[in-house]
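Close look at the chain arrangement
Read off the chains here:
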Amino acid sequence: MAASKFSWLSFSLGLLLLCGVSEETQTGRCRIDSLEALEPSRRVESEAGVTEYYDENSDQLQCAGVSVMRERIEPNGLLLPSYSNSPRLVYILQGRGITGVVIPGCPESYQQSGGRRFGGREGDEEEERDQSFQDEHQKIQHFRQGDVLVLPAGVAHWCYNDGKSPVTAVTVFDTSNSANQLDATHRQFLLAGRKQQGQRGSSRTSRRGEESSGDNVFSGFDVELLAEAIGVSRETARKLQSQDDNRGHIVRVERGLEVLRPRPSRREEEEEEGGKMAAVNGLDEAICSMKMRENIGEPSKADLYIPGGGRLTVLNNQKLPILSLVHLSANRGVLQRNAILAPHWNINAHAVVFVTSGRGRLQIVSNQGKNAFDGELRQGQLIVVPQNFAVLAQARSDGFSWISFQTNENAMNSAVVGKTSALRGIPVDVLVNSYRISREEAKNLKFNRGQEMAIFSPRSSKERAF
Amino acid sequence: MAASKFSWLSFSLGLLLLCGVSEETQTGRCRIDSLEALEPSRRVESEAGVTEYYDENSDQLQCAGVSVMRERIEPNGLLLPSYSNSPRLVYILQGRGITGVVIPGCPESYQQSGGRRFGGREGDEEEERDQSFQDEHQKIQHFRQGDVLVLPAGVAHWCYNDGKSPVTAVTVFDTSNSANQLDATHRQFLLAGRKQQGQRGSSRTSRRGEESSGDNVFSGFDVELLAEAIGVSRETARKLQSQDDNRGHIVRVERGLEVLRPRPSRREEEEEEGGKMAAVNGLDEAICSMKMRENIGEPSKADLYIPGGGRLTVLNNQKLPILSLVHLSANRGVLQRNAILAPHWNINAHAVVFVTSGRGRLQIVSNQGKNAFDGELRQGQLIVVPQNFAVLAQARSDGFSWISFQTNENAMNSAVVGKTSALRGIPVDVLVNSYRISREEAKNLKFNRGQEMAIFSPRSSKERAF
Amino acid sequence: MAASKFSWLSFSLGLLLLCGVSEETQTGRCRIDSLEALEPSRRVESEAGVTEYYDENSDQLQCAGVSVMRERIEPNGLLLPSYSNSPRLVYILQGRGITGVVIPGCPESYQQSGGRRFGGREGDEEEERDQSFQDEHQKIQHFRQGDVLVLPAGVAHWCYNDGKSPVTAVTVFDTSNSANQLDATHRQFLLAGRKQQGQRGSSRTSRRGEESSGDNVFSGFDVELLAEAIGVSRETARKLQSQDDNRGHIVRVERGLEVLRPRPSRREEEEEEGGKMAAVNGLDEAICSMKMRENIGEPSKADLYIPGGGRLTVLNNQKLPILSLVHLSANRGVLQRNAILAPHWNINAHAVVFVTSGRGRLQIVSNQGKNAFDGELRQGQLIVVPQNFAVLAQARSDGFSWISFQTNENAMNSAVVGKTSALRGIPVDVLVNSYRISREEAKNLKFNRGQEMAIFSPRSSKERAF
């Protein structure tokens with residue numbers, strides 16, 4: 001067989017570019033002739049927060065193979081340690097906090113020697129503290145508004161609000177991910193606390209096994225055996241099972257959580273530095289020090305900025321390599337008053353679009369040329385834009401911002417018009433004959449949106465509100 | 001159908017991928033105890049061509065997770081721009097033409113400066129042409145009989161017959177490919193024109209959502225919003241929607257299509273040169289200049305040639321790297337009168353076999369040792385040879401030629417007898433005891449087909465008709 | 001079952017693959033609220049051995065997407081050549097033998113020149129042998145108790161017991177592997193002999209298409225055509241079809257099998273040498289000389305050894321690269337009297353646990369915190385520990401040994417307590433607030449199992465029985 005004329009280098013770069021390596025599995029039928037704006041259908045209250053679930057059984061979430069929730073953690077609220085059968089992306093809508101992800105085999109690199117002080121929160125009382133007590137644990141990360149957090153499947157994590165205002169976040173679990181070998185249902189495994197019974201908005205019967213109340217994994221073990229295995233008293237083992245704990249899975253830390261950690265820094269570069277210091281030498285550095293967080297909320301991070309139009313910030317595996325592990329990516333969009341998100345389709349991914357502020361009109365078109373959605377989307381609502389479906393959006397007068405989660409580590413789309421678009425790539429004479437238009441019309445079609453791409457400012461007004 | 005290994009290099013590279021890279025997802029049950037020769041079940045006529053679909057709901061196509069169609073484009077016929085949810089391979093049965101694949105981000109590398117002339121078809125009238133008009137678009141490729149074209153999922157393409165005779169082609173869509181995150185149905189998204197209602201041969205009810213008539217994706221948008229988004233008049237926007245266009249998706253270009261392109265060359269090396277010149281520097285070179293076409297029809301391309309027997313030409317990811325992106329490969333087989341395609345099984349792929357000429361007798365055997373197919377296959381028919389099923393073919397007196405599409409980028413098979421076969425790799429004494437035969441018989445079994453592989457010429461006659 | 005990471009190297013290499021490479025496809029719903037110890041449900045007797053199948057339709061095997069069988073081959077028993085639609089791992093419980101795997105394209109590297117003698121078994125009579133007869137075939141491998149054999153999908157293999165005692169083995173077929181594009185049913189394609197009708201323990205109706213009796217693949221071909229294709233007499237072709245062969249698929253070789261092979265050596269290093277000698281030069285060496293076998297039964301191979309507790313031996317793609325092709329791994333565990341396998345969960349794989357000796361108490365906990373299994377498992381029984389489910393085991397007084405097959409080439413788990421565990425990685429104050437325990441209790445929880453990992457010796461007795 002002839003040797004290829006290609007170099008492996010360029011070839012593999014190509015692979016990264018085009019379809020990535022997404023290994024999504026399919027979950028049956030996509031009944032998506034008609035889409036709707038989704039709002040949370042179930043609400044679970046905890047001592048120090050609230051979790052709201054979007055209906056996992058809705059046709060669009062089933063087609064996309066994802067499960068979505070929105071969480072609110074009050075100040076001093078601690079999200080108890082748990083793990084999930086699916087990888088997830090979390091977008092921080094508001095607030096700040098710290099989180100720990102425990103990867104087996106990574107070092108307990110945050111170590112306190114006897115003489116060193118805790119880096120606890122300012123204002124905490126310290127008189128009762130045992131100064132000689134030493135702790136060590138895995139790396140802790142700060143997060144803040146606009147961050148995307150990446151959590152691999154099956155890995156324990158916890159989260160704490162160390163700010164003055166609530167943390168709110170939206171989370172997408174990719175239940176159809178190849179990392180999940182169980183069925184395509186979101187399953188959360190608690191390591192502490194108990195899940196409370198949720199209150200449902202609707203009385204639908206569950207098609208996919210939605211989780212209601214449940215205990216933590218220690219509850220399923222025999223107390224005696226558990227105590228012996230862990231090497232603690234029966235009493236402590238019983239506490240691990242949390243049977244009489246009604247705080248839910250977000251609990252209040254009365255005097256604030258004390259953990260060993262670098263001070264949060266304003267400048268992200270320094271935070272990065274902190275992250276790197278925690279890494280140990282050798283190959284494991286690759287994963288143990290792998291960055292699991294990136295901010296895409298700040299305007300300065302924008303990949304595309306159109307004065308009077310808006311901005312787009314893309315987060316894919318080239319910016320954040322851990323996304324290659326979870327086969328997901330995200331982007332953040334902001335449209336100003338009346339600006340237009342150019343008609344396009346997602347080539348290699350579904351998009352789960354959550355509105356972070358404002359309102360926009362969205363139109364989504366199926367392969368039959370039928371309107372699968374034509375309506376308004378407002379803050380807190382979400383919709384799935386299925387792979388290959390054409391979509392177009394226009395901000396209302398109060399602007400329109402969203403976070404979009406995509407089921408491919410390098411989600412790509414194809415614009416219909418504008419720079420690097422489908423129509424731009426097609427010869428004028430093909431357009432003339434395709435649409436039975438004049439050469440002049442075809443030329444307008446190709447070039448009227450000249451150097452613009454993705455976001456078009458409204459024709460009439462060109463206000464700059466950024 | 002058959003693809004014995006011919007060089008150590010390609011072989012070993014291939015094996016590295018043996019079980020590893022194909023990311024086919026499974027589509028439920030394979031009810032394939034009984035296979036049948038398929039003919040098109042639905043026919044859609046357009047102004048300048050015909051599309052015929054094989055029944056996507058047939059058990060064998062469902063098991064293989066593919067959808068198949070045959071297309072005929074008349075001279076001056078233009079297949080309107082569209083994209084599909086699945087990657088596809090197209091084999092050109094007859095004719096020649098040009099095609100454009102629009103990959104977002106690749107440069108509009110075919111540019112016309114004002115002083116340069118179009119490279120239009122000879123014989124076109126040019127008096128009305130605006131000589132100062134400049135166009136630019138993405139690379140265009142020539143194709144001709146015997147070519148395999150590779151089209152990734154979700155990427156717009158169009159096609160034009162610039163020859164004197166019809167273009168006919170057979171296309172396999174790999175709907176169960178990992179690149180398709182929608183359900184395993186072929187979905188075509190038109191960028192222009194409208195799909196016509198098809199005429200069915202059978203009155204079966206559809207199990208998978210077969211597409212009937214449909215509009216293009218512009219039709220689903222509001223005209224007003226579309227016009228504003230694209231920056232054209234409402235009238236042009238309405239034309240994009242093609243609501244009153246009854247030409248179908250293959251239309252006639254009255255005076256021939258004018259596009260910028262290098263002259264087709266007889267010598268493929270020169271064409272290649274052209275392709276490379278179009279590439280831009282940097283990372284995108286890898287994908288934007290990736291070859292998407294390879295001829296396997298010409299006898300001179302054969303990887304295996306048996307005088308008096310026939311020939312085999314294999315096209316896998318080692319010859320055409322883009323096949324690694326779509327997880328498909330193909331081979332072309334020609335058997336002369338009474339020649340035999342050696343009994344073998346496909347190790348890592350299904351094979352969709354389409355008969356390009358002649359007739360052959362095929363036998364396909366299941367894991368129960370049952371005959372799943374024993375019959376004749378003739379031009380225009382197709383059959384699926386399921387993964388691992390044993391298959392054997394013999395040409396009738398008029399010879400037997402086929403194109404086989406395989407659901408793995410490096411499809412491999414294991415011959416039963418002959419060089420590099422299963423029986424050849426097994427010790428004689430194992431065969432003696434397995435079949436209760438003498439050492440002499442076992443020796444014959446292993447060595448009678450000596451240095452022959454894949455294709456065996458008939459014992460009696462050794463005519464050379466190539 | 002448990003496979004904590006022991007070296008940084010293996011760990012980090014592993015994590016790169018954490019979510020990335022396993023391409024398991026999902027097989028619908030995992031109804032695994034309640035698990036049970038499985039015993040074989042169907043038994044097929046052959047002339048020189050017995051095959052027992054575990055019920056492929058049980059919820060747990062369906063969830064894990066695997067099929068399991070146990071085989072017994074008597075001395076001088078030959079397992080006839082066949083191939084399967086799924087890759088498999090085989091663990092040799094007892095005995096020794098030789099096996100041939102025929103990979104198309106690999107050389108017939110075991111060649112006998114005229115003057116060389118067969119390396120037959122000692123004690124064979126040789127008077128009738130044709131000394132001038134030459135054979136050549138692909139590499140043959142020795143195996144013995146404690147070996148894991150790796151067989152890729154679709155590749156022919158045979159096996160022979162050349163020892164004095166029976167060979168017993170347990171085999172897991174990964175029917176949901178991406179290498180299998182047919183449905184998730186185990187399909188065995190015989191190249192010789194016939195499958196006998198099995199005797200069932202239960203009278204369940206089959207949900208997945210369990211194979212009963214069946215013929216070999218030659219049987220499905222026309223004798224005439226087969227004879228011509230292979231180049232043998234009709235009589236020989238008929239023998240290939242084995243229609244009147246009632247020996248089953250394990251047959252007796254009366255005077256012992258004669259094959260060309262290096263003498264088995266006691267020292268594995270030498271065996272390796274033998275394997276390497278068989279390789280040819282060039283790139284193909286990678287696959288044709290790839291090691292397909294590794295011993296994990298010997299105590300000296302242990303990755304973790306706890307005096308008084310037990311040992312664990314992990315076999316993943318870092319130790320045996322071919323596992324990357326089949327997306328499977330294995331581990332071998334031995335617990336001494338009353339020792340405890342630390343509570344943990346499998347991060348990225350299901351585990352199919354087969355008990356090789358002794359008895360143990362197992363507890364398995366679901367995401368609801370419910371006990372999915374609490375019972376005793378004894379020799380010959382198996383159970384699936386689903387991905388992410390928490391599991392804990394304690395040996396009975398006679399100890400507990402198992403082999404665990406895992407559906408990921410680098411299966412990883414997360415221990416709950418001990419070194420490199422989830423609780424160790426979490427700050428003390430998070431534990432204090434999670435479980436409402438004192439700092440002292442939290443400290444005990446984190447550090448009581450100090451440097452211990454994976455296996456905990458019983459607190460009371462510390463006997464050393466290894």
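Residues numbered from 1 in each chain as written. Chains lettered and ligands numbered in written order. Predicted model: local features only at pLDDT ≥ 70, side-chain atom pairs only at ≥ 80, totals over all residues. Heavy atoms only, no water.

Details of the domain arrangement of chain A
Residue and element names in this part refer to chain A. Taken domain by domain, chain A consists of domain 1 (35-287) and domain 2 (296-456). If you look at the interface, domain 1 gives 31 residues, while domain 2 gives 33 residues. In total, about 2,500 Å² of surface goes out of reach between domain 1 and domain 2, with carbon and sulfur atoms giving 73% of it. Broken down residue by residue, the surface that domain 1 buries against domain 2 is led by Leu 35, Leu 89 and Tyr 91, which jointly contribute 24%. Along the contact surface separating domain 1 from domain 2 lie 2 salt bridges. Put simply, Glu 39 and Arg 378 hold a salt bridge, and the shortest N to O gap is 3.1 Å. Scanning the region where domain 1 abuts domain 2 turns up 11 residue pairs in polar contact (both at pLDDT 80 or more). For the side of domain 1 that touches domain 2, the secondary structure elements donating two or more residues are helix H2 (59-64), strand E3 (67-73), strand E5 (88-94), strand E10 (147-151) and strand E12 (167-173). A per-class count over the side of domain 1 that touches domain 2 returns 20 nonpolar, 4 polar and 7 charged. (Domains from an automatic or database assignment. Contact = heavy atoms within 4.5 Å. Buried area = accessible area lost by both parts, 1.4 Å probe. Salt bridge = Lys/Arg side-chain N within 4 Å of Asp/Glu carboxyl O. Polar contact = N/O pair within 3.5 Å; in protein donor to acceptor, adjacent residues only side chain to side chain. Helix = DSSP H or I, 4+ residues; strand = E, 2+ residues; numbered from the N terminus. Nonpolar A, V, L, I, M, F, W, Y, C, P; charged D, E, K, R; others polar.)

Section: the packing of helix H8 (residues 428-435) of chain A against helix H9 (residues 439-447) of chain A
Residues and elements named next belong to chain A. At a minimum axis separation of 9 Å, H8 and H9 run at an interaxial angle of 110 degrees. In this view, H8 runs roughly perpendicular relative to H9, as classed from their interaxial angle. In terms of crossing hand, the pair formed by H8 and H9 is right-handed. Between H8, through Val 428, Asp 429, Leu 431, Val 432 and Tyr 435, and H9, the contact on the second element is made entirely by Arg 439, Ala 442, Leu 445 and Lys 446. (Axes fitted to C-alpha atoms, helices over the stretch in contact; angles between N-to-C directions. Parallel < 35°, antiparallel > 145°, perpendicular 65-115°, else oblique. Left-handed = near helix turned anticlockwise from the far one by under 90°.)

A short note on the pattern of salt bridges
Considering all chains together, one arrives at 81 salt bridges over all chains under this definition. Its salt-bridge partner being Arg 187 of chain A, residue Asp 183 of chain A comes within 3.0 Å of it at the nearest N-O pair. Judged by its relative accessible area of 1%, Asp 183 of chain A falls in the buried class. Here Arg 449 of chain C makes a salt bridge to Glu 452 of chain C, at a shortest N to O gap of 3.1 Å. Each member of the pair, Arg 449 of chain C as well as Glu 452 of chain C, is classed as buried. Bridged by salt links that share partners, the residues Arg 43, Glu 45, Glu 52 and Arg 70 of chain A form one connected network. (Buried < 20%, exposed > 50% of the residue type's maximum accessible area, 1.4 Å probe, protein only.)

Some remarks on the packing of aromatic side chains
All chains considered together, the criterion is met by 15 aromatic pairs over all chains. Pairing Tyr 435 of chain A with Phe 218 of chain B gives two aromatic rings, centres 6.1 Å apart and planes at 75 degrees, and the pair type is edge-to-face. One end of the pair, Tyr 435 of chain A, is in helix H8; the other, Phe 218 of chain B, is in the loop between strand E16 (214-215) and helix H3 (223-230), on a second chain. The buried category is assigned to Tyr 435 of chain A, whose relative accessible area is 2%. Three or more aromatic residues joined by ring pairs form one cluster here, namely Tyr 83 and Phe 189 of chain A together with Trp 345 and Phe 389 of chain C. The side chain of Arg 42 of chain A reaches across the aromatic face of Tyr 53 of chain A, ending 4.3 Å from its centre. (Phe/Tyr/Trp six-rings, centres within 6.5 Å; stacked < 30°, edge-to-face > 60°. Lys NZ or Arg CZ within 6 Å of the ring centre and 35° of its normal.)

Topic: the side chain of Asn 85 of chain C
Mapped onto the elements, Asn 85 of chain C comes out in the loop between strand E4 (77-84) and strand E5 (88-94). We classify Asn 85 of chain C as buried; its relative accessible area is 0%. Separated by 3.2 Å, the side chains of Asn 85 of chain C and Ser 86 of chain C make a polar contact. Polar side-chain contacts of Asn 85 of chain C include one of 2.9 Å to the backbone nitrogen of Arg 187 of chain C. Apart from the residues lying within four places of it in its own chain, the contact partners of Asn 85 of chain C are Asn 388 of chain B together with Ala 153, Ala 179, Asn 180, Leu 182, Asp 183, Thr 185, His 186 and Arg 187 of chain C.

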